[in-house]
Amino acid sequence: MARTDINRSGELEVFVRVIETGGFSAAARSLEMTPSAVSKLVARLEQRLGTRLLQRSTRQLQLTPEGCAFYERGLRVLADLEEAERCASAHAEPRGRLRVNANVPFGQHFLLPLLPEFLQRHPQVGVDLTLTDEVIDLLEQRTDVAVRAGPLKSSSLVARRLGATRMMIVAAPAYAARHGLPGNVDALLAHNRLDIGHARSVQGWPLLQDGQEQRVLPSGNARASNGDALRQLVLGGLGMARLAAFQVQADIAAGRLLPVLEDANPGDLEEVHAVFLGQGGYLPLRVRAFLDFLVETVDLARPLG
């Protein structure tokens, strides 16, 4: 087949859609093609490239290392085409499905309240939102943007900073009535210190004592899967926890929670970033619009939810 007879951008779009939707049938439905036509097109692409891009099984498709590299580069190529079309047309608008992953506290206090405004601005975009405090693989989970709190590990991801928030230890008045509140760092060791169930990037609660910073490890009788579930345990009077200030400032103002050992708080900040696959600056218009929207509207000092 002559090179000019090959619709390479069409092949690439079908392959990317297979990965994004998780299978030939789902891709076929979204592209208004038959599953057999999609399967044949991917097989023809593999034959032309001389390598296997997908490992097929009865339950799922798995990217090979070559397929993973081709998918990442393919995203950039399609984004570049979209950007070229946008530049050529003054009326081009973001469109398509946007897959977003965020930690639960940020999702509850910021994303959920803000999404209606974003979708109103961009009516041709649809959003699939997943809230979890687990760190996911964006490529494996076919995610466009993830919001992550804490230090960023070096990776192939690109990040845009959304801000930073103070961390603070809090307890409910009911807990304080039964057990009192610690007057110093040593006294904290006798209290029920609740935490997240999965590993954090930085272990322990940093606190100042005699001008020196030390870390107190949580050691309580319960753990939670995410930050907002942990907040609910604290509100219920079970124990105390170290949470982001934006999560608890409304509770403190309403008297539902009490700050603990603020005089020993080192004032450290937890950074919040939106991360995405976008090396080289090539981004689908829907992803670029969403990132710009987050930078414009998120103010970690003013939670909305």
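Relevant structure appears above.
Right, let's walk through the structure included here. These figures come from a predicted structure and were not determined experimentally. (Residues numbered from 1 in each chain as written. Predicted model: local features only at pLDDT ≥ 70, side-chain atom pairs only at ≥ 80, totals over all residues. Heavy atoms only, no water.)

All told, the structure shown has 15 salt bridges when counted by the stated rule. Between Arg 286 and Asp 144 there is a salt bridge, with its nearest N and O atoms 3.9 Å apart. Of the two residues, Arg 286 is situated in helix H10 (residues 285-297) and Asp 144 in the loop between strand S4 (125-131) and strand S5 (145-149); the sequence distance between them amounts to 142 residues. With relative accessibility at 11%, the residue Arg 286 sits in the buried group. Close ionic contact of Asp 251 with Arg 231 constitutes a salt bridge, the shortest N to O distance being 2.7 Å. Linking Asp 251 in helix H9 (residues 245-253) with Arg 231 in helix H8 (residues 227-235), this pair joins segments that are 20 residues apart in sequence. Residue Asp 251 is classed as buried on the basis of its relative accessible area, which comes to 1%. Using a relative accessible area of 13% as the deciding quantity, one classes Arg 231 as buried. Bridged by salt links that share partners, the residues Glu 11, Arg 44 and Arg 48 form one connected network. (Salt bridge = Lys/Arg side-chain N within 4 Å of Asp/Glu carboxyl O. Helix = DSSP H or I, 4+ residues; strand = E, 2+ residues; numbered from the N terminus. Buried < 20%, exposed > 50% of the residue type's maximum accessible area, 1.4 Å probe, protein only.)

Going through the model one piece at a time under the given rule, you end up with five aromatic pairs. Where Phe 118 meets Phe 290, the ring centres are 5.1 Å apart and the plane angle is 80 degrees; that geometry is what we call edge-to-face. You can see Phe 118 sitting in helix H5 (residues 104-121) and its partner Phe 290 sitting in helix H10, a full 172 residues away along the chain. Relative to Phe 293, the ring of Phe 118 lies with its centre 5.3 Å away and its plane at 55 degrees, an arrangement referred to as tilted. Here Phe 118 is found in helix H5, whereas its partner Phe 293 is found in helix H10, with 175 residues between them in sequence. (Phe/Tyr/Trp six-rings, centres within 6.5 Å; stacked < 30°, edge-to-face > 60°.)

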